[in-house]
Number of protein chains: 2
Amino acid sequence: MKENYYCVIMAGGIGSRFWPLSKLSAPKQFLDILGTGKTLLQATFDRFRNMFPAERIYVVTSSIYEQIVFEQLPQISRQQILLEPLRRNTAPCIAYASYKLGELDPAAVLVVAPSDHLILNESAFLQEIRKGLGFVEENDALLTLGLLPTRPETGYGYIQFENKQLQPGIENLRKVKTFTEKPNLELAKVLVDSGEFYWNSGIFLWSVKSIKRSMENHLPEIAQLFDLKKVYNSNKEIDEISRVYSNCRNISIDYGVMEKATNVYGLAADFGWSDLGTWSSLYEHSSTDINGNTLQGKNVFVYETTNSVIRFPNEKIVVLQGLNDYIVVESGNILLICKKVDEQKIKNYLNDVKLKLGDNVI
Amino acid sequence: MKENYYCVIMAGGIGSRFWPLSKLSAPKQFLDILGTGKTLLQATFDRFRNMFPAERIYVVTSSIYEQIVFEQLPQISRQQILLEPLRRNTAPCIAYASYKLGELDPAAVLVVAPSDHLILNESAFLQEIRKGLGFVEENDALLTLGLLPTRPETGYGYIQFENKQLQPGIENLRKVKTFTEKPNLELAKVLVDSGEFYWNSGIFLWSVKSIKRSMENHLPEIAQLFDLKKVYNSNKEIDEISRVYSNCRNISIDYGVMEKATNVYGLAADFGWSDLGTWSSLYEHSSTDINGNTLQGKNVFVYETTNSVIRFPNEKIVVLQGLNDYIVVESGNILLICKKVDEQKIKNYLNDVKLKLGDNVI
């Protein structure tokens, strides 16, 4: 692995989708949500650790999670944890990491990845990352990983690839034609059937030079705010970043850069990926009992119950009977029981709870 | 109220039917199961207190509940709490109370009543009790209250009354022909349609003389065991009662005496009664929201849920969605979710829990 290759893990999510299991005080990426013995952040770190030395893996997170990251990743130093004072979506997060790393190493080439995704085939994944890093080092390109869709998923964004192969050496590399937001089921079916659309993984590769240039073109005010030069890695960084974030708008990298830039490329990949964005997606990747239930909790007694996601603390004694296709999750002082088909409504329920009891319950 | 009239409240049940709300450490009679601000025992006591001075109301309970009874009924003295060292069903319980009270007052006339029933029309109830006490004082009679059935309930035993009126003064008094155990639905319909059958309330009235004589005839070995004379109300009582119970068989007063005696009478009554023996019966007597849910718990958020019994501690935050006709009850460290139609299975589930985790969880 070349010395100018870096990994940036984005770990700032607040995880309301898995409420009550994840909450403001413990979002999804900091939980062992799949019961593997590692949190999703640790699994992501370990995955990249196969390829990068620990000192070239950086984590961007909210300042309130500094201690959690430090405890979960003892292999990295405090200097490798970039703290966002406010939540401003992915564009500022990526700008921060890119400009700071650019100061350390102007030739830096990055993979930027979320901290809370599932990747089943690690070696296939790392092989694509390796290919991609090589490509973006040589080319002024913004590269994103697109996943071969296996179903008309309505929970993901899609990327349309051009048919034409670009480089003889990387046959799965294509120019990106369009980005499509989460489609409805009908459209999702059309996209999948077309053979041109891939799931948008939110995993990006680029050189610091390229991403800075793209930001200057498409998000000039953000580029200007984050172009702090020698302030980075100095004792002024925290104060200046605090000022920058309070003046910075909330915008995603997809909307702010990827959908506008003309040098966007995609690497069509297939490594068993899920963004674990819903209980159903979580469920899909967990082992089940003979009735299709995924069960956590040592003292849960289940009767006449099928295809349900059931999670309780080990010390809780639970008898469940007659539930089919439900989510039944307890965490701390909170219990959620909801039909799986209605999990999109959980965020509304959570709003009701917050309205009555205050934000501190999530 | 005559000075030889006494009330005996039976409060020894262990309440596994309402698990996990009631358990060995806090059976149903000691809980405010209807959310009225009084436990069922307190409500029963207060009901009789309209008629009896506190010093003539006795409670029979298990020795492990002595302190609970004492705390819930500060109006009575320790001497009025009869402690059973072992559970031996209602015949020994009634023998103990009858022989002990007979030593205090050989002319004693008793009403013996369970501690965990619901009675809606208190004045109608007390009027029947008054009538009944007068009758059993004048006659060598074992009298039981029969409730006019309002539905073919399969959860109750039935009593068949003779058609012939007995006393011009008490027109609802009849001789009892037969006792019928809990019937199946088909039989229950026949019994109700016949107009001769009444629900067996388990509330009895008799003089000490009559019940002692009946026990000598039908349960002579129990009569002999409990005929302790001057031992009662002395410092030998506890030791002797301990010996008696360990030599005493387990038998109900219905099976041991009422079904065999020839001097059994019934008072046909209608005062809005339930033995609160099932979640459904509890549900029937609780106030419901517009969707038919009975709800306890200050922070329970309910969506698309109907006809369910929902009970949580006030401090628990709960979101429930998509449940129709369920029991959802949390108590302490235990959560139960079960379809209402399957509530008879709860005792089996409880056995599974005990098998795995030991008896101390109930």
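Residues numbered from 1 in each chain as written. Chains lettered and ligands numbered in written order. Predicted model: local features only at pLDDT ≥ 70, side-chain atom pairs only at ≥ 80, totals over all residues. Heavy atoms only, no water.

A. Structural view of empty space enclosed by the protein. All names here are of chain B. This model, assessed by the stated rule, comprises one cavity of 30 Å³ or more. Roughly 40 Å³ of internal volume is contained in the largest cavity. Around the largest cavity, the lining residues are T44, R47, F48, A113, P114, H117, I119, F125 and I203. Those elements that provide at least two residues to the lining of the largest cavity are α1 (40-49) and β4 (109-114). Take the lining of the largest cavity: its biggest share by element is three residues, from α1. Residue classes in the lining of the largest cavity are distributed as six nonpolar, two polar and one charged. (1 Å grid on protein atoms, 1.4 Å probe; cavity = no way out; pocket = protein on both sides within 12 Å on 5 of 7 lines; lining within 4 Å. Points joined across faces, edges and corners; volume = space filled by probe spheres on them. Helix = DSSP H or I, 4+ residues; strand = E, 2+ residues; numbered from the N terminus. Nonpolar A, V, L, I, M, F, W, Y, C, P; charged D, E, K, R; others polar.)

B. How the structure looks around the sheet that holds strand β13 (residues 300-303) of chain A. The strand order β13(A)-β15(A)-β17(B)-β16(B)-β14(B)-β12(B) describes an open sheet built from six strands, whose pairing is mixed. The two strands at the open ends of the sheet, each matched to only one other strand, are β13 of chain A together with β12 (294-296) of chain B. In this sheet, neighbouring strand axes are inclined to one another by 10° on average, regardless of whether the strands run parallel or antiparallel. Direction of pairing for strand β16 (residues 326-331) of chain B relative to strand β17 (residues 334-339) of chain B: antiparallel, over a ladder of six bridges. The partner of B:V328 across the bridge, within β17(B), is B:I337. Helix α11 (residues 346-357) of chain B rests against β13 and β15 (317-321) of chain A together with β16 and β17 of chain B of the sheet, and its axis sits at about 145° to β13(A). (Pairing = 2+ DSSP bridges. Axes fitted to C-alpha atoms, helices over the stretch in contact; angles between N-to-C directions. Contact = heavy atoms within 4.5 Å.)

C. Summary view of the packing of aromatic side chains. Throughout the structure, instances matching the rule amount to 32 aromatic pairs over all chains. Taking the centre distance of 5.6 Å and the plane angle of 65° together, the rings of A:F48 and A:F125 count as edge-to-face. On the criterion of sequence distance, the pair formed by A:F48 in helix α1 (residues 40-49) and A:F125 in helix α4 (residues 122-138) is long-range, its members being 77 residues apart. Relative accessible area serves as the criterion here: at 1%, A:F48 is assigned to the buried category. Over the face of the ring belonging to A:F125 we find A:R47, whose NZ or CZ atom lies 5.9 Å from the ring centre. Directly above the ring of B:Y255 sits B:K260, whose terminal nitrogen or CZ lies 4.1 Å from the centroid. (Phe/Tyr/Trp six-rings, centres within 6.5 Å; stacked < 30°, edge-to-face > 60°. Buried < 20%, exposed > 50% of the residue type's maximum accessible area, 1.4 Å probe, protein only. Lys NZ or Arg CZ within 6 Å of the ring centre and 35° of its normal.)

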